[in-house]
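# Summary of the model geometry
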Amino acid sequence: MQWRSHLPWTSWGRNLRGPFWPTESVHRYRRSLAEWFIRLPREERQFGPTFSLDTAHVDPVIRESTPDELLRPPAEPTLEHPLPPKELRTLALPQLFDPDACGRHVQTVVLYGTVGTGKSTLVRKMVLDWCHGRLPSFEMVIPFSCEDLSAPGPTPISLYQMVTRRYPHLKEVLPLLGNAGPRLLFVLHGMERLNLDFRMESTGLHGDPEVSAMPTTIIVNLLRKFMLPEASILVTTRASAVGRIPSKYVGRYGEICGFSDTNLQKLYFQLRFNQPDCRHNANGVGTHVTPAQWDNLIEMLSRNLEGHHQIAAACFLPSYCWLVCATLYFLHAPTLAGQTLTGIYTSFLRLNFSGEILDSTDPSRTSLMAYAARTMGKLAYEGVASRKTYFSEKDVQECLESGVKTEEEFQLLHVFRRDALRFFLAPCVESGKQGTFVFTVPAMQEYLAALYIVLGEHKTAWQRVGKEAAELVGRVGEDVSLVLSVVAKLLPLRVLPLLFNLLKVVPRVFGRWAGKSREAVAQAMVLEMFREEDYYNDDVLDQLGASILGVEGPRRHPDEPPDDEVFELFPMFMGGLLSSRNRVVLAQLGCPIKNMDALENAQAIKKKLVKLGRQGLPPSELLDHLFFHYEFQNQHFSAELLSSLRQLNLASVRMTPLKCSVVASVLGSGTHTLDEVNLASCQLDPAGLRTLMPVFLRARKLGLQLNSLGPEACKDIRDLLLHDQCQVTTLRLSNNPLTAAGLALLVEGLSGNTSLTHLSLLHTGLGDEGLELLATHLERNQQLRELNVAYNGAGDAAALGLARAARQHPSLELLHLYFNELSPEGRKKLRELEGATAGGARVAASLTEGTAVSEHWSVILGEIQRNLNSWERGRVQRHLTMLLRDLEDSRSATLNPWRKAQLLRVEGEVKSLLEGLGGPVS
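Conventions adopted
Residues numbered from 1 in each chain as written. Predicted model: local features only at pLDDT ≥ 70, side-chain atom pairs only at ≥ 80, totals over all residues. Heavy atoms only, no water. UniProt positions renumbered as here; feature names shortened; annotations may be inferred. Helix = DSSP H or I, 4+ residues; strand = E, 2+ residues; numbered from the N terminus. Areas by Shrake-Rupley, 256 points an atom, 1.4 Å probe, with all protein chains shown as cover. Pairing = 2+ DSSP bridges. Axes fitted to C-alpha atoms, helices over the stretch in contact; angles between N-to-C directions. Core = buried A, V, L, I, M, F, W, Y, C linked by side-chain atoms within 4.5 Å. Buried < 20%, exposed > 50% of the residue type's maximum accessible area, 1.4 Å probe, protein only. Contact = heavy atoms within 4.5 Å. Salt bridge = Lys/Arg side-chain N within 4 Å of Asp/Glu carboxyl O. Phe/Tyr/Trp six-rings, centres within 6.5 Å; stacked < 30°, edge-to-face > 60°. Parallel < 35°, antiparallel > 145°, perpendicular 65-115°, else oblique. Left-handed = near helix turned anticlockwise from the far one by under 90°. pLDDT = per-residue confidence, 0-100. Right-handed = clockwise from strand over helix to strand, strands pointing away.

You'll find the protein chain entered in an unreviewed UniProt entry as NLR family member X1, with Monodelphis domestica given as the organism. The UniProt entry for the protein chain carries the following comment under Subcellular location (unreviewed entry): "Mitochondrion outer membrane". Reading the Subunit (unreviewed entry) entry of the UniProt record for the protein chain gives the comment "Homohexamer. Interacts with MAVS. Interacts with TUFM."

Shown next as structure tokens:
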């Protein structure tokens, strides 16, 4: 069979040091175990349907440590992760069970590390390696999850029953386990979940694998080597739980240090992004990101890592390498419908904290994530409120020790410091900031601050006491007023029920007080979302990308004053955390958000957004506003708030596939008409046009100029014009290389369209062929009123042909032909054509009409002024010089002082444009 070809022959037959394993049973076991461990979490599916851990795994650094080092931990665990000392070697997976320095055989290995160092992935990879024959040191590997063994209400069970209950294929192998020796490996993953007690009075000796006992008793005796004494054991655990196993039972300790080498980080990213599935989404559809673009992303990321910037400190933890990959994939190749940035961060926390209890020995069974949300969330929110991202050791200590009074609480704090503090905070590596700490990635601070708010943790002492007192008074008031209402019928105490009825009002008054607090938070959130900075005014998605890939170009000098911190992701995360999908995941992490709290927060946000959302927003801020609604994932909420939006101005915003999806998702399902959609200079491509089609169908005016759209994009524009719901009246396609080939598709749309009245094809490379094509098909559209084909390199014959067709058109009023390659004779013939017949379209080919200024001179110069920086400088200078000569000739030919004054005024405007280009003015 295919699986057998991957395995060494010795794994299937008899070994001199071990038993004869039943071939078929072991084969089925290997196959079922591989099928189970090859299943990746749902979060990995965004990287493609065939993404495999085998081809994208990088082993973290494992540093051998000593029992003396573990027995003398520092009083205050530092956030630093030092490189392995030279006297202590690093270990590879195949070396874990090598003899120690004294030559003794190692049977039990304990691997420990903080949250996020890659313990689970390491175990998964190790088991898969054995299944595929790449771990020949062991003939049998039996992995156990300590989370399963710690399930509440355990019943006595034997070791063999534990094995067969999880792996039925090993039923025939059970009698052979006792003779397997060191080539049998038990893997105990997540030992911190078990409350192991090695005291003899608590856990007696138990050596028979067929006799039932409590699961913890079996595990303790396996580690004591009283049960199956020759078997090898690999234990993984968090750092705080290493001491639960007496050191005399451990042959080797190994600390999982993550990616302490930048080269390991770069290798991780290269393997991830070079997967074939990175070129396709989960449905097998291309992601519109070319291999060259992926390579460019990897190169930018590598340069940022090599520069020893803060991201290198973050990627010390493999978990954050995953987060960086997931974020970049989200920014550049969104795959799953409904996937949000908040969802990625929530899933990231689920991957690392799902089911994690802070301390299994503590009766409170506090969720590790809930503890982090309360402590790290407080630090994060105080940083957002005071607009800072750098924290001193004192700041961290005050937040961690706030409210800690009992011995049990100090023990929980100690466990959190050892196991999870480094996951959230990292030492700052910026010059001049040594000794301070920052959140591992900047967005994590804003996420935790938002989580702190939506969980209702942001309360003053008065609010906490007041809430409890109000609830107590309300309950007591109801009971007492009921009793006194009966007594008052017999005794003259009618005033007392009145007093106790007043007590019922107390909870209602407190509710209004708490509502005011929510409104204050919502006000701060909305102000942050609509904050426009001079230096840092990119949209929030570009800011996020820059924080990962770095900023191209010169950096700010260290001596310059620091820029004000911007926390525009904070409101996005607040909206995202209120969505039902993220609330479900947070509840699994022990951080439930109550329905009433979510509703009241949403109402407070809505109230503030209605007031401030009506004002005109810059393009980047408008995109941030739309991204907030995208993260919130509530169509009814968004439709109500955005019903007043009439102009969608996103000019100069770089419209990536993700941003197109955001705009289409938020606005595509609306019903009201958009007066104008301006997407000028947005780097749109045909794929983006298709994504935004639902928004285009609601637009009256559509601006797509300066987007480098070629003939391929004309197919989508043609489909838009032919759509039965199209209501576009003005379409601007200027400064796009459409060419005559693209125009051939556009005229098909023009022929069947009934809404378009203004069309701009300025500087689209049409040439003579394009203008001739327009002249042939112009009569098929009966609604067009203005057509701009200026600056298209057309000659006299093509321009005259189009002008004749325009003069005969029933509705066309204005035809722009300036800046084409027209000779003086050609311009003269155009003027003669216009004067030969009454009515028909006016032709704007020059700044003059005979000896007078053209009535369209301001329109012509306005177009030139707007496009001056994007047009070819030499060609513009030549055309402006010709226009200036026409003006001077007309001024010389007229004796009318009024006309001379007008011509001089326009000459001044043209000379000003020429001076701006550095050309001659006469």
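And the narrative resumes.
On to the overall build of the protein chain, then. A tally of helices and strands in the protein chain yields 37 helices and 19 strands. Split by element, the accessible area of the protein chain, about 41,200 Å² in all, is 53% carbon and sulfur.

This brings us to the sheet that holds strand β15 (residues 786-788). An order of β10-β11-β12-β13-β14-β15-β16-β17 is seen for the 8 strands of this open sheet, with the pairing classed as parallel. Lying at the two open borders of the sheet, with one neighbouring strand each, are β10 (647-649) and β17 (842-844). When strand polarity is set aside, the average angle formed by the axes of neighbouring strands in this sheet is 10°.

Soluble globular proteins: nonpolar side chains tend toward being buried together. Phe416, Phe424, Leu761 and Leu817 are the most contacted members of the largest nonpolar core, which totals 176 residues. Not counting residues up to four positions away in its chain, the partners in contact with leucine 817 are Leu771, Val789, Ala790, Ala799, Leu802, Ala803, Leu822, Leu830, Val843, Ala844 and Ala845. Judged by nonpolar contacts, the second largest core, of 71 residues, contains Trp21, Leu128, Met140 and Leu149.

Right, let's get into the pattern of salt bridges. In total, this model carries 34 salt bridges according to the counting rule given. Residue glutamate 306 is joined to lysine 266 by a salt bridge in which the shortest nitrogen-to-oxygen separation is 2.5 Å. In this pair, glutamate 306 is assigned in helix α9 (residues 291-306) and lysine 266 in helix α8 (residues 262-273), connecting sequence segments 40 residues apart. Looking at glutamate 306, the relative accessible area reads 44%, which means it is partly exposed. Looking at lysine 266, the relative accessible area reads 16%, which means it is buried.

What follows concerns the packing of aromatic side chains. By convention here, two paired aromatic rings are described through the distance between centres and the angle between planes. Scanning all chains against the criterion turns up 30 aromatic pairs. Ring geometry for tyrosine 345 against tyrosine 447: centres 5.9 Å apart, planes inclined by 25°, an arrangement best described as stacked. With tyrosine 345 in helix α12 (residues 341-353) and tyrosine 447 in helix α17 (residues 442-454), this residue pair connects regions lying 102 residues apart in the sequence. Grouping residues by exposure puts tyrosine 345 and tyrosine 447 together as buried. Ring centres of phenylalanine 353 and phenylalanine 423 lie 5.1 Å apart, and the angle between their planes is 90°; this geometry places the pair in the edge-to-face category. Remark: phenylalanine 423 occurs in helix α16 (residues 421-424) and phenylalanine 353 occurs in helix α12; sequence separation between them is 70 residues. Phenylalanine 423 shares its class with phenylalanine 353; the two are buried. Pairwise contacts between aromatic rings join Tyr320, Trp322, Phe348, Phe353, Tyr371, Phe416, Phe423 and Phe424 into one cluster.

Here we take up the packing of α12 against helix α23 (residues 580-588). Look at α12 against α23: their axes get within 10 Å of each other, and the N-to-C directions meet at 15°. Classified by the angle their axes make, α12 and α23 are roughly parallel. Crossing hand, α12 versus α23: left-handed. Contacts between α12 and α23 pair Thr342, Gly343, Thr346 and Arg350 from the former with Asn582, Val585, Leu586 and Gln588 from the latter.

To continue, consider the confidence of the model for the protein chain. The predicted model of the protein chain has a mean per-residue pLDDT of 83, with 81% of residues at 70 or higher. Across residues 553-562, where pLDDT falls below 50, the model places 6 contacts with residues more than four positions away in sequence or in other chains.

Moving on to the pairing of strand β11 (residues 674-678). One ladder, built from 3 bridges, connects β10 with β11; its direction is parallel. The residue of β11 that forms the bridge with asparagine 649 is asparagine 678. Crossover β10 to β11 through helix α27 (residues 657-667) is right-handed. Relative to strand β12 (residues 699-703), β11 runs parallel, the two sharing 4 bridges. Following the sheet pairing, asparagine 678 is matched in β12 by glycine 703.

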